[in-house]
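Read off the chains here:
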Amino acid sequence: MRAVVFDQVQGTPGVREVPTPTAPPGGVVVKVLATGLCRSDWHAWAGHENITFPHVPGHELAGVITEVGAGVVSWREGDRVTVPFVCGCGRCDWCLSGNAQVCPDQEQPGFTHWGSFAEYVALHAADTNLVAIPERVDFATAASLGCRFATAYRALVGRARVTRDEWVTVVGAGGVGLSAVMIARALGARVIAVDRNREALEVASRLGAEHTLMADGADIPAAVMDLTGGGSQVAVDAVGSEQTCADAVLSLRRRGRHVQIGLLPPVNGNPRVPMARVIAWELDLLGSHGMAAADYPGMLALIEEGSLRPDLLVERTVGLAEAASLLPGFDRAKPAGMTMIDPAL
């Protein structure tokens, strides 16, 4: 099969012919019909994740099952499926309680094993992790759910528990940030979107952001305080840097809730967070690490009825070769939405 491969940290990605995977026990092989290019893929390429080489990235995917491994009960060849980017083992207490996203023995396509920037991908513990794609949901939309949209949904619904009329500040208007804007509005919240890309902010405004702020050296927390009369109840860092995390935390009102979605690379061993404010104002710091397959039905129901439209976030579709060229600079990219990959292109 054709796949995007790189051989070392920050090595040049290229498209190569590599062996097609076989289904592991309890798992399946999926023909990839859509897969997303995400900042998390860049983190793996940049050396912020523990991966082995040569490596095939890619963790947001949708496609059709082409091979079923021994022991799989619920799935057959030809089934239309997607999968969370965190695949639980299916046996531990966390998986059995519906929290596979924090499984200690988790697998992650594109991180713990070869991922979906390829024509085919192997997936583990299929009966725990696979999600059926409704006929009315296309493959690109389904793939967009695997990391960014599902992560934003769980961050706001399951972790921050956003309620109607609360202020939500979303720092970063890329794929996951725009997902958060859309979901917050669907929940009846009032949204402020922050980004350095004016085009991305225009998209955020169209998706329901009440205010947008350019991250061009301005004092973002002060601006949020003015707009909200004392700070937002909820803040989301959808980028993952010391600056964006600090801007989000410092934009909160007293006893506010911060959700960290963007991966924070360590600085001198650990990322720095404004903990003095966290302590003094009794702020809640919440992590959000994807969403288990068990939680997908409610989200898919909202998509089927049209309340949520993740398809609106897909900005462009590229082939494997273009994806390989885009990956090294994706931390500096300015797409106002999601970049999807079609391995057939």
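Notes on the structure in this doc start here. Sequence order as written defines residue numbering, which begins from 1 separately in each chain. Totals for whole chains, interfaces and linings use all residues, but because this is a predicted model, local features are given only for residues with pLDDT of at least 70 and pairs of side-chain atoms are given and counted only at 80 or more. Heavy atoms from the whole structure form the basis of all side-chain values; hydrogens and water molecules are not counted.

A separate point is the pattern of salt bridges. What makes a salt bridge here is a side-chain nitrogen of Lys or Arg within 4 Å of a carboxyl oxygen of Asp or Glu, nothing more. On inspection of all chains with the given rule, the structure shows ten salt bridges. The shortest N-O distance in the salt bridge between Arg136 and Glu304 comes to 3.3 Å. Of this pair, Arg136 sits in the loop between β7 (131-132) and α4 (139-159) while Glu304 sits in helix α10 (residues 296-305); the two residues are 168 residues apart in sequence, bridging distant segments of the chain. We note a salt bridge from Arg257 to Glu166, for which the minimum N-O separation is 2.9 Å. Of the two residues, Arg257 sits in strand β12 (residues 252-260) while Glu166 sits in the loop between α4 and β8 (167-171), which places them 91 residues apart along the sequence. The cut-offs for exposure are 20% and 50% of the maximum accessible area for each residue type, with area from a 1.4 Å probe on protein chains only; residues under the lower value are buried, those over the upper are exposed, and the others partly exposed. For Arg257, a relative accessible area of 15% puts it in the buried group. For the purposes of this entry, the term helix denotes a DSSP run of H or I that reaches at least four residues, the term strand denotes a run of E that reaches at least two, and both are numbered from the N terminus.

Let us now look at the packing of aromatic side chains. Each pair of aromatic rings taken from Phe, Tyr and Trp, with Trp reduced to its six-membered ring, is defined by centres within 6.5 Å and is described as stacked if the planes are under 30 degrees apart, edge-to-face if over 60, and tilted in the remaining cases. Across all of its chains, the model carries one aromatic pair by this definition. Stacked on the ring of Phe139, the Lys or Arg Arg80 has its end atom at 4.5 Å from the ring centre. One cation-aromatic arrangement involves Arg277 over Trp281; the distance from NZ or CZ to the ring centre is 4.0 Å. Criterion for a charge above a ring: Lys NZ or Arg CZ within 6 Å of the ring centre, and within 35 degrees of the ring normal.

It is worth spelling out the side chain of His55 at this point. Assignment of secondary structure puts His55 in the loop between α1 (39-46) and β4 (61-68). For the purposes of these results, a polar contact is taken to be a pair of N or O atoms within 3.5 Å, where, inside protein, one atom must be able to donate a hydrogen and its partner to accept one; residues adjacent in sequence count only when each atom of the pair is a side-chain atom. From its side chain, His55 meets the backbone oxygen of Gly110 in a polar contact 2.7 Å long. Note on contacts: a residue pair qualifies if any of its non-hydrogen atoms lie within 4.5 Å across the two residues. Residues within four places of His55 in sequence aside, it is in contact with Val4, Val5, Phe6, Gly110, Phe111, His113 and Trp114.

By the element assignment, Gly256 lies in strand β12. According to the relative accessible area criterion, Gly256 is buried, its value standing at 1%. Note: C-alpha distance between Gly256 and Leu300 (44 residues apart in sequence) is 29 Å.

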